[in-house]
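Breakdown of the fold
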Amino acid sequence: MNTPTLFSDLHVAHDWLAGRGLLPPERRSETLPTPLVRLHDGSTVVSFCSNNYLGLNHRPEVKAAATQALHEHTHATSESRRLGGNLGLLGQLEYELAEFKKQPSALITATGLLANIAAVHGILDASELARRWYGSPPPSSHPVVIYDELCHRSIQMGARESSAERVRFRHNDAEQLADILAVYIGRAILVVTEGVFSMDGDMADLPSLVEVCDAHGAVLMVDDAHGTGVYGADGSGTANHFGLTGRVPLQVATLSKAFGGMGGAVLGDERTIAMLRTFSSGYRFTSSLPAEQAAATIAALRILRSEPAVRETLWDNVRRLRTGLARMGIHPPGDGPIVPLHMGTPRAAAKFEELMLDKGYWCVAVTPPAVSPEACRVRLTVSAMHSSEQIDGLLERINDVSSQAPALMGLARSYAGSAT
Ligand SMILES: Cc1ncc(COP(=O)(O)O)c(C=O)c1O
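Residues numbered from 1 in each chain as written. Predicted model: local features only at pLDDT ≥ 70, side-chain atom pairs only at ≥ 80, totals over all residues. Heavy atoms only, no water.

Let us now look at the overall build of the chain. Scanning the chain for helices and strands turns up 15 helices and 13 strands. Dimensions along the principal axes, computed over C-alpha positions, put the chain at roughly 65 × 60 × 50 Å. Burial status across the chain gives 54% buried among its 420 residues. In the chain, 71% of the contacts between residues at least 6 apart in sequence involve partners at least 24 apart. Looking at the chain as shown, the accessible area adds up to about 18500 Å², and 54% of this sits on carbon and sulfur atoms. (Helix = DSSP H or I, 4+ residues; strand = E, 2+ residues; numbered from the N terminus. Buried < 20%, exposed > 50% of the residue type's maximum accessible area, 1.4 Å probe, protein only. Contact = heavy atoms within 4.5 Å. Areas by Shrake-Rupley, 256 points an atom, 1.4 Å probe, with all protein chains shown as cover.)

Shown next, in the form of structure tokens:
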């Protein structure tokens, strides 16, 4: 039998990429970063590629909470929230998370990706779905979603899942957003941005975005995956950082970054959250978060709130890394723990990853489709777990690579922010 066309197209593309060294290596590890990692080949390296910013999943209290929940409830719910997978622990987590984020209500999903799908598609479609299934009053207009061009794939997935008209605005360009909003004035509009951009490490211009959205009657949603637990005087995220607590009506948080767990959350007013629970794909049509994850995140959240010193250590480490890079003439965008070193092509980024790994440091190359082919980078993430020696060691190795392969570092030196 002939190979079906779909497979043969795929195989041709695979062989083309493989022949050019463009398929990223599947590096496996035998341990998770502490930040030391034992790789599959037995070597031990220092990882600078985890989003586990505070290392909370290594804390005994967090492990004990997860273990107890595992014994009480086993490791999976095997049900969606609506079909009996709605453990009380999930409600407890929702309550504590909403309080922490200073939002009226929260809804927990099994991953952060699902939280974005649930939030974006849910808020755009729920009124129409209520009309279609139950005959409620029709929505006043066909909704529009306008999102920053660098938004995470899951936000784009939520927009595509919805029936709304989709528009993108230039990265962090509130003026262009205002021009677009003027075209859609009077429609039901959702504007979406990330609090801290996952690949560039820079923050949303939240003060301008809040002002522009308020002026045009648009709902602003912030995916605060990388801001929650890291930014703000109380760690509650980017809204708090900008003094805008209570001014961002819809937010998403992931439990997989600063909380060191797994899962996602949508935060908003009670009626919006109730509608998402009823109509959102990312919530209704998938199994609920396992008990041990909920228990672990509750424990992690309590540590985060009661021990500000953990976040202070993170920020000391961020400053140490960024100051060291600045001494080498490298000024990555942003000011936080996501530190992108721009390399240009996929091959250059992969080469840098390889050279660093040879020297005992693991920092992953980010290549398409996560970024555009000319904007490839190595994305360093620093955590509260890193020691000063490990950060200094990383800086020394970057310096070595700089002299060994100066062309690689040229772009990292000249780069001051991008739109992919
Ligand atoms: C900005 C952003 N939003 C959402 C997600 C999805 O989160 P999770 O990994 O918890 O599904 C990520 C993680 O990659 C992210 O960086």
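Don't stop here, the text continues.
One can describe the packing of helix 4 (residues 112-134) onto helix 5 (residues 153-161) by two numbers: an axis separation of 7 Å at closest approach and a directional angle of 35 degrees. Crossing of helix 4 over helix 5 shows right-handed handedness. Along the contact surface, helix 4 presents Leu113, Asn116, Ile117, Val120, His121 and Asp125, while helix 5 presents Ser154, Ile155, Met157, Gly158, Ala159 and Glu161. By residue class, the composition of the contact of helix 4 with helix 5 is 6 nonpolar, 4 polar and 2 charged. (Axes fitted to C-alpha atoms, helices over the stretch in contact; angles between N-to-C directions. Left-handed = near helix turned anticlockwise from the far one by under 90°. Nonpolar A, V, L, I, M, F, W, Y, C, P; charged D, E, K, R; others polar.)

Geometrically, a pair of aromatic rings is defined through the distance of the ring centres and the angle of the planes. Summed over the entire model, instances satisfying the criterion amount to 4 aromatic pairs. Seen from their ring centres, Tyr231 and Trp315 are 5.1 Å apart, and the 80 degrees between their planes marks the pair as edge-to-face. Of this pair, Tyr231 sits in the loop between strand 7 (219-223) and helix 8 (238-241) while Trp315 sits in helix 12 (residues 308-327), and the two are 84 residues apart along the sequence. Side by side, Tyr231 and Trp315 carry an identical accessibility label, which is buried. (Phe/Tyr/Trp six-rings, centres within 6.5 Å; stacked < 30°, edge-to-face > 60°.)

Now for the sheet that holds strand 11 (residues 361-362). One open sheet holds the 3 strands; their spatial order is 1-2-11, and the pairing between them is mixed. Looking at the sheet topology across the chains shown, the edges are occupied by strand 1 (36-38) and strand 11. The pairing of strand 2 (residues 44-47) with strand 11 spans 2 bridges and is classified as parallel. Residue pairing in the sheet places Ser47 in a bridge with Trp362 of strand 11. (Pairing = 2+ DSSP bridges.)

Side chains of a nonpolar character, in soluble globular proteins, are inclined to be buried together. Among the nonpolar cores identified, the biggest contains 69 residues, and Phe352, Leu380 and Ile398 are the most heavily contacted of them. In terms of residue count, the dominant contributor to this core is helix 11 (residues 291-306) (8 residues). Built from parts of two domains, this core gets at least three residues from each of domain 1 (23-52 + 308-414) and domain 2 (58-306). Other than its neighbours up to four places away in sequence, Ile398 contacts Leu325, Met328, Ile330, Leu341, Phe352, Met356, Leu380 and Met409. Formed by 25 residues, the second largest nonpolar core is a distinct cluster that contains Val144, Val210, Cys213 and Val248. (Core = buried A, V, L, I, M, F, W, Y, C linked by side-chain atoms within 4.5 Å. Domains from an automatic or database assignment.)

This part covers the sheet that holds strand 4 (residues 144-148). Remark on secondary structure: sheet strands pair via backbone hydrogen bonds, oriented parallel or antiparallel. Taken in spatial order, the 7 strands make up an open sheet running 3-9-8-7-6-4-5, and their pairing is mixed. Of all the strands in the sheet, just strand 3 (105-109) and strand 5 (165-169) have a single pairing partner and so form its edges. Across the sheet, the axes of successive neighbouring strands diverge by a mean angle of 20 degrees, strand direction being ignored. In terms of strand pairing, strand 8 (residues 250-254) meets strand 9 (residues 264-268) through 4 bridges, oriented antiparallel. Looking across to strand 9, one finds that Val252 is bridged to Val266.

This paragraph deals with the site of the ligand. Every one of the 15 residues lining the ligand counts as a neighbour, but Leu113, Asp223, His226, Ser256 and Lys257 are closest to it. Between an oxygen atom of the ligand and a side-chain N or O atom of His152, the distance comes to 3.2 Å. Protein contacts shield 82% of the accessible area of the ligand, which totals 400 Å² for the unbound molecule. Of the residues forming the shell around the ligand, the biggest block, 3 residues, is contributed by helix 4. Partitioning the shell around the ligand into residue classes produces 2 nonpolar, 10 polar and 3 charged. (Near = heavy atom within 4 Å. Polar contact = N/O pair within 3.5 Å; in protein donor to acceptor, adjacent residues only side chain to side chain.)

For the rest of this paragraph, the subject is the pattern of salt bridges. Under the counting rule described, the total for this entry stands at 21 salt bridges. Arg302 is paired through a salt bridge with Glu96; the nearest N and O atoms lie 2.4 Å apart. Of this pair, Arg302 sits in helix 11 while Glu96 sits in helix 3 (residues 88-101), placing them 206 residues apart in sequence. Put simply, Arg319 and Asp316 hold a salt bridge, and the shortest N to O gap is 3.0 Å. A residue pair is termed a helical-turn pair when its members lie 3 or 4 positions apart in one helix, as Arg319 and Asp316 do in helix 12 at 3 residues. By relative accessible area, Asp316 is classed as partly exposed at 45%. (Salt bridge = Lys/Arg side-chain N within 4 Å of Asp/Glu carboxyl O.)

Let us look at the packing of helix 14 (residues 388-404) against helix 15 (residues 406-414). Here helix 14 crosses helix 15 at 115 degrees, and the two axes come no closer than 6 Å. In contact with Ile398, Val401, Ser402, Ser403 and Gln404 of helix 14, helix 15 contributes Pro406, Leu408, Met409 and Arg413. Across the contact of helix 14 with helix 15, the residue classes break down as 5 nonpolar, 3 polar and 1 charged.

Once that is clear, we can look at the UniProt feature "domain: Aminotransferase class I/classII large" (unreviewed entry) in the chain. Within this structure's numbering, the places UniProt gives as "domain: Aminotransferase class I/classII large" (unreviewed entry) are residues 44-398. Along residues 44-398 one finds 45% helix and 16% strand; the C-alpha atoms at either end are 18 Å apart. (UniProt positions renumbered as here; feature names shortened; annotations may be inferred.)

Moving on, we come to the domain arrangement of the chain. Segmentation of the chain into domains returns domain 1 (23-52 + 308-414) and domain 2 (58-306). Distance from the C-alpha centre of domain 1 to the C-alpha centre of domain 2: 28 Å. Contacts between the two partners involve 23 residues from domain 1 and, on the opposite side, 25 residues from domain 2. Here domain 1 meets domain 2 over a buried area of about 1700 Å², counting both sides, of which 55% is carbon and sulfur. At the boundary of domain 1 with domain 2, the tally comes to 1 salt bridge. A salt bridge links Asp200 to Arg377, with the shortest nitrogen-to-oxygen separation between them at 2.7 Å. Viewed at the interface, domain 2 and domain 1 are joined by 10 residue pairs in polar contact (both at pLDDT 80 or more). Broken down by element, the residue count for the side of domain 1 that touches domain 2 peaks at 5 residues, all from helix 12. In terms of residue class, the side of domain 1 that touches domain 2 is made up of 14 nonpolar, 5 polar and 4 charged. (Buried area = accessible area lost by both parts, 1.4 Å probe.)

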